Amino acid sequence: MRGAEMNELRLFREDGLRIDGRRVDELRPVKMEVGVLDKSDGSAYIEMGKTKIFAAVFGPKEAHPRHLSQPHRAILNCRYHMATFSVEERKHPGMTRREIELSKVIKESLESLVFLNEYPRSAIDVYIEVVQADAGTRTAGLTAASLALADAGIQMNDLCCGVAVGKVGGRIVLDPSEEEDKHGEADMPIAIAPRQNSIVLLQLNGRMTREEMRLGIEMARKGIEVLYSVQIAALTKRVRSSHQGGSGRY
Ligand code: CDP
């Protein structure tokens, strides 16, 4: 039996649904909350299924060390990090190569959204802390980070929503869980600036045909429409609660 057929048996039920009961184009349950931490300038929390992530933003503030500051724009620093207890096999507390790479791609996506020129000689620090990982952490982290930037009042041309699509048992599926990701043939994280309708992150691990990629991007776009409405609802709730004097923080 070929790998894809074996995976199809393992990862799809007899009724054609995925092992967690989702359709191929269905997101996991999503929750987002803005303004969840007291000690940062902006913050957000996201859950996509069992993936749970906090994002915190500090700044704009004076850049340190000073020689790194840019006379005509802000520098944006980003640290994506997984807590030691966020994964099955304890992760060492330092930054791994994977986390350094993900910090870089997330930073580049965020830089395309923030009006950096509005904040000369400044620094904006973005921290993404994965407290529980079940796949899709870079895209969920990016989604939360854009909310935390908005919460910090940083000027941006758009928010950013991300989700991965996978190829599992030969089928294209939206928002794979870790189980699907582990046994799947390919994984394609996508993030979109929804109002501009522009792709700000697109990566592919594994192989997909051109037609599978087209279908995957189409599926991601539909998922992102849902995610964007959840983002807007979370921001609206935050604005209402701060007008009413509540903090909405944990
Ligand atoms: O999280 P994302 O899908 O963006 O990145 P990935 O590198 O494709 O990782 C997929 C999943 O593998 C993560 O979300 C975790 O659930 C898991 N993982 C893990 O268990 N231990 C690690 N050291 C890294 C990833």
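Scroll up to find the structure.
Please read these numbers as outputs of a predicted model, since none were measured by experiment.

A. Local environment of the nonpolar core. One finds L110, I124, V126 and L149 to be the most contacted residues of the largest nonpolar core, which totals 59 residues. Broken down by element, the residue count for this core peaks at 7 residues, all from helix α3 (residues 137-151). Look past the residues within four positions of L149 in its chain and what remains in contact with it is V57, L110, V114, I124, V126, I154 and M156.

B. Spatial organisation of the packing of helix α2 (residues 97-111) against α3. Where α2 meets α3, the closest approach of the two axes is 10 Å, and the angle between their N-to-C directions is 45°. Here α2 is positioned oblique relative to α3, judged by the angle of their axes. Helix-helix and strand crossings are classified by hand; for α2 and α3 the assignment is right-handed. Contacts from R98, L102, I106, S109 and L110 in α2 reach T137, R138, L142, A145, S146 and L149 in α3. In terms of residue class, the contact of α2 with α3 is built from 6 nonpolar, 3 polar and 2 charged.

C. The arrangement of the environment of R214 in detail. On the secondary structure map, R214 appears in helix α5 (residues 210-243). Taking the C-alpha atoms as reference points, R214 and I75, 139 residues apart in sequence, are found 34 Å from one another. A polar atom in the side chain of R214 sits 2.8 Å from the side chain of E211.

D. Main features of the site of the ligand. Taken together, the neighbourhood of the ligand is formed by M82, V87, R98, A133, D134, A135, G136, T137, R138, E178, D181 and D187. Residue G136 places a main-chain N or O atom 3.0 Å away from an oxygen atom belonging to the ligand. Alone, the ligand offers 510 Å² of accessible surface; in the complex the protein occludes 76% of this. Going through the elements one at a time, α3 and α4 (178-183) are the ones with two or more residues in the shell around the ligand. Looking at the shell around the ligand residue by residue, the classes come out as 4 nonpolar, 2 polar and 6 charged.

E. Here's a closer look at the side chain of K167. Residue placement: K167 occurs in strand β6 (residues 161-168). Residue class for K167 comes out buried when judged on its relative accessible area of 15%. Apart from residues no more than four positions distant in its own chain, K167 is found in contact with I172, G184, E185, A186, R207, M208 and E212.

F. Examining the environment of A135 more closely. With respect to the helices and strands, A135 occurs in the loop between β5 (122-132) and α3. Given a relative accessible area of 13%, A135 falls into the buried group. A135 sits 43 residues away from E178 along the chain, and the two C-alpha atoms are 4.6 Å apart. Apart from the residues within four sequence positions on either side, A135 is in contact with R28, T51, P176, S177, E178 and D181.

G. Broad picture of unusual backbone geometry. Cis geometry is found at the peptide bond from G59 to P60, where omega equals 0°. Here P60 lies in strand β3 (residues 51-62).

H. Representation of the packing of aromatic side chains. Taken as a whole and judged by the stated rule, the model has 2 aromatic pairs. Both rings, one in Y45 and one in F54, keep their centres 4.7 Å apart while their planes meet at 40°; by these two values the pair is tilted. Note that R171 overlies the ring of F12, its terminal NZ or CZ placed 3.8 Å from the centroid.

I. Inspection of the sheet that holds β3 at higher detail. Taken in spatial order, the 5 strands line up as β1-β2-β3-β5-β4 in an open sheet, and their pairing is mixed. Every other strand in the sheet has two partners, leaving β1 (30-34) and β4 (75-82) as the edge strands with one partner each. Neighbour-to-neighbour, the strand axes of this sheet turn through a mean angle of 15°, independent of strand direction. Bridge count for strand β2 (residues 42-48) against β3 is 7 bridges, and the pairing is antiparallel. Note that in β3 the partner of M48 across the bridge is T51. The strands touched by α2 are β4 and β5; relative to β4, the strand with the most contacts, the crossing angle is about 140°.

J. Looking closely at the packing of α3 against α5. It is the contact of α3 with α5, at a shortest axis distance of 11 Å, that shows an interaxial angle of 30°. Classified by the interaxial angle, the pair formed by α3 and α5 is roughly parallel. Here α3 and α5 pass one another in a crossing that is right-handed. Within the contact between the two elements, α3 uses T143, S146, L147, A150 and D151 and α5 uses Q231, L235 and R238. Its residues assigned to classes, the contact of α3 with α5 shows 3 nonpolar, 3 polar and 2 charged.

Thresholds, definitions, all that
Residues numbered from 1 in each chain as written. Predicted model: local features only at pLDDT ≥ 70, side-chain atom pairs only at ≥ 80, totals over all residues. Heavy atoms only, no water. Core = buried A, V, L, I, M, F, W, Y, C linked by side-chain atoms within 4.5 Å. Buried < 20%, exposed > 50% of the residue type's maximum accessible area, 1.4 Å probe, protein only. Helix = DSSP H or I, 4+ residues; strand = E, 2+ residues; numbered from the N terminus. Contact = heavy atoms within 4.5 Å. Axes fitted to C-alpha atoms, helices over the stretch in contact; angles between N-to-C directions. Parallel < 35°, antiparallel > 145°, perpendicular 65-115°, else oblique. Left-handed = near helix turned anticlockwise from the far one by under 90°. Nonpolar A, V, L, I, M, F, W, Y, C, P; charged D, E, K, R; others polar. Polar contact = N/O pair within 3.5 Å; in protein donor to acceptor, adjacent residues only side chain to side chain. Near = heavy atom within 4 Å. Areas by Shrake-Rupley, 256 points an atom, 1.4 Å probe, with all protein chains shown as cover. Phe/Tyr/Trp six-rings, centres within 6.5 Å; stacked < 30°, edge-to-face > 60°. Lys NZ or Arg CZ within 6 Å of the ring centre and 35° of its normal. Pairing = 2+ DSSP bridges.

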